[in-house]
Structures are given as C-alpha cells and as structure tokens.
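# A closer look at the structure
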Protein chains: 2
Amino acid sequence: MFHDETQFVAWLQAQASGRASTLRLGIGDDAAVVEGPPGWDYLLKTDMSIEDVHFTAALHPPLAVGHRALARPLSDIAAMGGRPRFALVALAVSKRAPHGWIKRLYAGIFTLARRFGVMVVGGDTAIVEGKTFIDVVVVGEVRRGRAIRRSGARPGDQVYVSGRLGLAELGLRVLGTQGGGQPGEWRRLKAAAVSAHLYPEPRSGLGRYLSGKRLASALIDVSDGLSTDLAHLCGASGVGARVWADRIPAPTLGSTRVAATQALELALHGGEDYELLFTVRPGKANRVPSRFRGIRINRIGEIEKTRRLLLIGADGKPAPLRPAGYDHFRK
Amino acid sequence: MFHDETQFVAWLQAQASGRASTLRLGIGDDAAVVEGPPGWDYLLKTDMSIEDVHFTAALHPPLAVGHRALARPLSDIAAMGGRPRFALVALAVSKRAPHGWIKRLYAGIFTLARRFGVMVVGGDTAIVEGKTFIDVVVVGEVRRGRAIRRSGARPGDQVYVSGRLGLAELGLRVLGTQGGGQPGEWRRLKAAAVSAHLYPEPRSGLGRYLSGKRLASALIDVSDGLSTDLAHLCGASGVGARVWADRIPAPTLGSTRVAATQALELALHGGEDYELLFTVRPGKANRVPSRFRGIRINRIGEIEKTRRLLLIGADGKPAPLRPAGYDHFRK
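About the cut-offs
- Residues numbered from 1 in each chain as written.
- Chains lettered and ligands numbered in written order.
- Predicted model: local features only at pLDDT ≥ 70, side-chain atom pairs only at ≥ 80, totals over all residues.
- Helix = DSSP H or I, 4+ residues; strand = E, 2+ residues; numbered from the N terminus.
- Buried ≥ 20, exposed ≤ 12 C-beta atoms within 10 Å, placed from the backbone.
- Contact = placed C-beta atoms within 7 Å.
- Pairing = 2+ DSSP bridges.
- Axes fitted to C-alpha atoms, helices over the stretch in contact; angles between N-to-C directions.
- Expected span 1.5 Å × (residues − 1).
- Nonpolar A, V, L, I, M, F, W, Y, C, P; charged D, E, K, R; others polar.
- Least-squares fit on C-alpha atoms with pLDDT ≥ 70 in both.
- Domains from an automatic or database assignment.
- pLDDT = per-residue confidence, 0-100.
- Core = buried A, V, L, I, M, F, W, Y, C linked by C-beta atoms within 7 Å.
- Parallel < 35°, antiparallel > 145°, perpendicular 65-115°, else oblique.
- Left-handed = near helix turned anticlockwise from the far one by under 90°.

This part takes up the overall build of chain A. Helix and strand counts for chain A stand at eight helices and 14 strands. Referenced to the eigenvectors of the C-alpha coordinate spread, the extents of chain A come out at roughly 65 × 55 × 45 Å. Out of the 331 residues in chain A, the part that is buried amounts to 54%. A fraction of 81% describes how many contacts in chain A between residues 6 or more apart in sequence connect residues 24 or more apart.

So, about the pairing of strand E5 (residues 119-128) of chain B. Residue and element names in this part refer to chain B. Of all 10 residues making up E5, seven are buried, and the element is well covered by its neighbours. The sheet contact formed by strand E4 (residues 83-94) and E5 spans nine bridges and is parallel. The residue bridging Val 89 from the neighbouring strand is Gly 123, located in E5.

Residues and elements named next belong to chain A. Pairing is mixed in the open sheet, where six strands are placed in the order E1-E2-E3-E6-E4-E5. Whereas interior strands pair on both sides, the edge strands pair on one side only; in this sheet they are strand E1 (23-25) and strand E5 (119-128). Each strand axis lies, on average, 20° off the axis of its neighbour in the sheet, ignoring direction. Bridge analysis of strand E3 (residues 40-50) against strand E6 (residues 133-143) gives 11 bridges, and the strand direction is antiparallel. Bridging from a neighbouring strand, Asp 41 pairs with Val 142 of E6. The strands touched by helix H2 (residues 62-78) are E3, strand E4 (83-94) and E6; relative to E3, the strand with the most contacts, the crossing angle is about 145°.

Turning next to helix H3 (residues 101-115) of chain A. Residues spaced three or four apart along an α-helix face the same direction, because each turn holds 3.6 residues. All names here are of chain A. Across its 15 residues, H3 extends 21 Å between first and last C-alpha, which sits within 8% of the 21 Å expected from 1.5 Å per residue. Turning to H3, its buried residues number three or more, namely Ile 102, Leu 105, Tyr 106, Gly 108, Ile 109, Phe 110, Leu 112 and Ala 113. One or two positions beyond H3, positive phi appears at Gly 117, with a value near 70°.

In this section: the interface of chain B and chain A. Facing 54 residues of chain B, the contacting portion of chain A comprises 54 residues. Among the secondary structure elements, those contributing two or more residues to the side of chain B that touches chain A are helix H1 (5-15), strand E2 (32-35), strand E3 (40-50), E4, helix H3 (101-115), E5 and strand E6 (133-143) of chain B. Of the residues belonging to the side of chain B that touches chain A, the class tally is 32 nonpolar, 12 polar and 10 charged.

To continue, consider the relation of the copies chain B and chain A. Least-squares fitting of chain B to chain A yields an RMSD of 0.0 Å, with the superposition described by an axial translation of 0.0 Å and a rotation of 180°. Interpreted geometrically, this transformation is the action of a two-fold axis. Within chain B, the C-alpha atom positioned nearest to the axis of rotation is that of Pro 37 of chain B, 2.0 Å from it. Interface residue correspondence from chain B to chain A reaches 100%, placing this contact among same-surface, isologous pairings.

Our next topic: helix H5 (residues 184-198) of chain B. Residues and elements named next belong to chain B. With 15 residues, H5 should reach 21 Å at 1.5 Å per residue; the first-to-last C-alpha distance of 21 Å fits that figure. Considered for burial, the residues of H5 that qualify are Leu 189, Ala 193, Val 194, Ala 196, His 197 and Leu 198. On its buried side, H5 packs onto helix H2 (62-78) and helix H4 (167-174).

Our next topic: the environment of Gly 271 of chain A. With respect to the helices and strands, the residue Gly 271 of chain A is situated in the loop between helix H8 (257-269) and strand E10 (275-280). A count of 20 C-beta atoms within 10 Å places Gly 271 of chain A in the buried class.

A few words now on the domain arrangement of chain A. All names here are of chain A. As far as domains go, chain A holds domain 1 (5-143) and domain 2 (150-320). Of the residues lining the interface, 20 residues belong to domain 1; the matching set on domain 2 comes to 20 residues. Among the secondary structure elements, those contributing two or more residues to the side of domain 1 that touches domain 2 are H2 and E4. Of the residues assigned to the side of domain 1 that touches domain 2, the class counts are nine nonpolar, five polar and six charged.

This paragraph deals with the sheet that holds strand E1 (residues 23-25) of chain B. Residue and element names in this part refer to chain B. Here we have six strands laid out as an open sheet, ordered E1-E2-E3-E6-E4-E5, and mixed in their pairing. Pairing within the sheet leaves two strands with one partner each, and these edge strands are E1 and E5. Sheet twist, expressed as the mean angle between neighbouring strand axes with direction ignored, is 20°. In this sheet, E6 lies alongside E4 in antiparallel orientation, the contact comprising nine bridges. Across the sheet, the residue bridging to Arg 83 is Glu 141, located in E6.

Next up on the list: the confidence of the model for chain A. On average, residues of chain A score 90 in pLDDT, and 91% of them reach the 70 mark or higher. Reported confidences for the modelled complex are a pTM of 0.89 and an ipTM of 0.86.

Attention now goes to the nonpolar core. Residues Leu 44 and Ala 87 of chain A together with Leu 44 and Ala 87 of chain B are the most contacted members of the largest nonpolar core, which totals 201 residues. Leave out the neighbours within four places in its chain, and Leu 44 of chain B touches Phe 86, Leu 88, Val 121, Gly 122 and Val 139 of chain A together with Ala 31, Ala 32, Val 34 and Val 139 of chain B.

A word on the packing of helix H4 (residues 167-174) of chain A against helix H5 (residues 184-198) of chain A. The axes of two packed helices give the description: the angle between them and the distance between them. All names here are of chain A. Interaxial distance between H4 and H5 falls to 7 Å at its minimum, and their mutual angle equals 100°. Of the possible angle classes, the one that applies to H4 and H5 is roughly perpendicular. Only Lys 190, Ala 192, Ala 193, Val 194, Ala 196, His 197 and Leu 198 of H5 make contact with H4, whose side of the interface consists of Leu 167, Ala 168, Leu 170, Gly 171, Leu 172 and Val 174. Broken down by class, the residue content of the contact of H4 with H5 amounts to 10 nonpolar, two polar and one charged.

On to the environment of Phe 133 of chain B. Tracing the backbone shows Phe 133 of chain B in strand E6. With 14 residues separating them in the primary sequence, Phe 133 of chain B and Met 119 of chain B have C-alpha atoms 21 Å apart. In this structure, Phe 133 of chain B is in contact with Ala 92 and Phe 133 of chain A together with Met 48, Ile 50, Glu 51 and Ala 92 of chain B, ignoring residues within four places of it in sequence.

The subject of this paragraph is the packing of H2 of chain B against H3 of chain B. Residue and element names in this part refer to chain B. Packing of H2 against H3 leaves a shortest axis separation of 7 Å and a crossing angle of 45°. Between H2 and H3, the interaxial angle falls into the category oblique. Remark: the crossing between H2 and H3 carries right-handed chirality. Residues Pro 62, Leu 63, Ala 64, Val 65, Gly 66, His 67, Ala 69, Leu 70 and Ala 71 of H2 lie in contact with H3, whose contacting residues are Trp 101, Arg 104, Leu 105, Tyr 106, Ala 107, Gly 108, Ile 109, Leu 112 and Ala 113. Classifying every residue of the contact of H2 with H3 by side-chain character gives 14 nonpolar, three polar and one charged.

Structure (structure tokens):
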C-alpha cells in the first residue's frame, strides 16, 4: 500500500491538512511545533519502542529499554533545537516480563528524565498477552520561531555531524557475544559500542546551542543512519550533498583496508547513534566549535544544488551515496 | 507487584515528582495540565488501544478501531473541561492486518478529528509481527485555571451523569451475534448499543460548557464504568457518595424484574460509555440543564462526607456500591 516512508508521510500530511493559528509545523519534521507560553513554542514528538523491533527481552536489560524509549523522542526534541520539558509514557507490558522488569524499565525512563529535567506528567499502562510496546511522547520548548527544521539547507552550506557514527550499530551486532580471549583494545571498543547502543545520549545541549546561537540552517538527528537521515534533510530542503569518506567519524576497527571499509559502512548506514547532523551557512562556518562539551563536531561535507548524494572517496573519486539505513517500511 | 491501579498510580506519582513553574497538574487526573499560550493551559493525555484488549480484528471494523482510539483521549480532554486541538498517533500495525485496513483505521481517526477540530500533527508507524497497538496523544486547551479536576467534590454536592450508561457494554456483548427473528424493539436497542460501543461520542461540548460556566466542582469521564469512576472521583476528592438506583439512566431491556436488574448492572459497571460524571455545588444545582444539545443530564446522587459509596434501592434501602468496572491491573 505504502512502498516507502516518504510516500506514507506525504499521504499522512494530505490527510491531516488543516490550519489553525497556533499550529506552526505539522507532520514531516523531527517534531511538530505549536504555540506555547509567551515567547515560546512547544515541540511535540511521539516515538514507539517495540519488543523484537527496537529491543529484545533476551539482549536488552529493562533499564536500557526504558532509557532508549525516552532517548529517542529526547533526541528528536534536540534535533529541533529545543529543551525537553514533559513526557507521557504509554506502556503495554508483556505478561512474560519477569517480576521487577517493569520497575527497572521505569527506572531507566525516570533516571534519564531527571538528568534532562523532564517531568513525566502522564501515562497509560496495561498488561498484554503479546509483546511489550512502549510509546513515549515528549513535549519540548524552544524560543518562538527558533525551532530548526530539516528544510533550511541551501547550496554552499557546510555539513556537520556530532560524535562518532556507527558505534551503536556495532554495539547491536556484538550484543550478547562473548569477549573472552580478545585483545584489550577490541574489548574496550566493544564495551563502548554496547554502551552506545544501550544507553545513547541525546544531544540536547548541542541542539539548544545551535538554536540559541542561530548557527544551524537545518538540523536532524541521526536515528536511521547517516545516509538515510542526510537524504531526509536534503529531501526536505530540496538540495543534494557531497560528503568526504575520510571525514566521517567512523569507529576504529583496525588498520586493515577491510576493517576501514567495514567501519565506514557502519558509520554511513548504522542507525541509532542519535548524534546531530546539521548544516551551517558558509559565512557562519568559522563559528562552529570543533568540540562541544567534550563531543567532537566534524565537518563532513557540503550542500549542493543538484539533488543527489555523493560520497567522495579517499582517492577523490565521487560515488553515489544511497540511503541504506533504517526504513520504517522495509521490514 | 502492583495489586491495583491506585497503588500503581501512587507509585508512579512518587517516581515522577518534581516541580517546574509551568506544570500545573501531573499524574492522577484525566489529563495533565501545563502552561499554554497567554490566558490558556494545555491538557496532555495519552491513551492506548490494543488488539485483543480494546478491540479485536474479527469484531471491530478498522473505522471503529480508529474512531475509538481517538475518542478515548478526546473524552479525557472533555473530562477536564477542555477543547481538543492537536493529536499524535503512534501505530504498530500487525502484519496480519488485511490490505486497506490501515487506511480505514486512519479514516476513522481523521473523520473524528475533523469533526472535533483536532489536527493530527505527528505520529510514528511500524509494521509488527504481533498484535496491533495504537497510542493516541491529544493536546487540549482550556482557559487558564479552569481545568476541572476529579478532586473538587465536597459533601452536599449533587452528582450528575450525561446520556445513557451501559449501552456500550451491551453493544460489546452482542457484537457479532445474529439478530434475525428478534422483535423490532430489541433489534433497535441492539443497533443503538453496537453503535454506542463502536462509535462513542466524546462529550466535548458538555465538558467545555461545564468549565466555561464554572458549573462543575469535579468531573471525570465514565470510561471504566460508573461504580469505578465514581470511586475514582470520590477517592481523589476524599469524600463518599450515595446514588439512587432508579435515577441511573440504564438501557431499557424489558419490563421484567430480571431485565431491570440486568440493565442496572450494565449501567453501574459497564465501561466505555464515555459519558461525563460530575458534581455541582448545591447552590448551583438549579443551573444544570436537564438536556444539553439533545443529551439528557440526570441527577443521580449526592456527595457525602463518609468515604463510602452507597446504592439506594427503589425500596429506599442502602447497599454498598462496590467498584466493579474495568481495572487496568485486573487482567
């Protein structure tokens, strides 16, 4: 019926069309924007976490399931340049979940909520026969008119990404595997990767910095993978981009060519890093810090007029960069 | 772990405690209240609809599944005296759902949304192996400080309920049964009951009327059944109540004593009617209309100081009224 997400979102937008004085931005960006208290807009975002889609009972501790369920919408609020304020938690928990599981799941949510100053103001809970399902809604706030959309990139804008990409995907792949007998370097990388997957850190401070300083022309979080989210940003802005392979902050898997290729693949297409991908007008590029609160900010490419994505290899040769991250309609 | 809903809500409230200038009311009422645009508060509510808990693929048409999924939070916004404005729809739809099912489900949501002036501003969708799960969040608005809580009832207040109770429960029981050969009267009642179950009408106008006229001291929607929701209202207010059996607007099942008893049971404990249950100070009771836009408003009882619920029979004899409606932790 819907062949991909873009088609579905377009259909949903057509169905939901309508105007009111207080709606500023509807379906299609990281969050909706509605009028808030004087001088402020509210950001609204809902995100599902489903057993055997986003987590498994066997591999994910409940603390991580709760953490990740809240981290996802927190990252979307960050990707609008907002500060998260309130959350609503809908939880249908499987009868199979062991005793205490639900409390540790909530502990994961509440610990992250407190750290980000988010109040859980409502919820709905049920015990179900089937799989566990969590839906978390976060209400954020941003100075009026300062929400950063996906659609503001223009040709010549510089493309940046925070942190390291591909670690969370690597963490997912090695989750539950044994580490005995491996060299210390690999064990450390593995631990970092598992932690990146289980306890991602939404870039709330960076998002607010970009909005407060009016630095970013467009902003999205890397939840589906760089190649896919860059395509989302460029699609919304009606532009293309070129990115340099050797500038992409990939995990260090080893010094061989095969290892480097694998690392780049992870960084390009691995999902759930929840880093921020943003564009900056050329005249403001010198104001972008190389680090923000300990997180590296890497300039990885440039926006172009032609609506295509190019990956420039270490040898300088361009190749098409195809979105190969997570597609919500592919499964 | 949690033996009933009250215990769970108390635990959740303790976990979620915290203060901010813009939070007006947290967990425990029909909706949370946060600061809105100048002169307004926003109401936030999330409600889940789960396959084989709230609906079945065999008995509920997708149009009704969508309608009911939105009607539930709309009713909660009405139960705060608010006007619904925005909705977010999270949908995990089962792979087993037939072609076109998802479109008809959304049609059910959007048709009701348009009728109530609600804009769907965001959502999240996934295809899942297991059962279908829908979470709808509604953001409503109410004049600042005018949200009507469950906790405002005082001894002497009169108790009112809108519409007819027990019809939706009757509808659920007869759903899918054959009606051939039955008398016309029963067929008409059955059709009304099935319609009440499949397409409940949130009492948005009445809720806003009660808030606008400052008529109600406490307000809740009858989603879990009168006996249970009256207990919720009285518990939050720290009071008790007596209700008169012969004033309760039960469905007409026939003239026999057995039929009358069955009808009363349905009206007392049947859920999902989404009517409004509210209390009014004695001095304002003469201002409560007997009808509001065609819907009957019945005075069914009185708030008492003693924290117990009494049902006064037609013979004038009181009996304890035990909450026997839907308990989210009983299943």
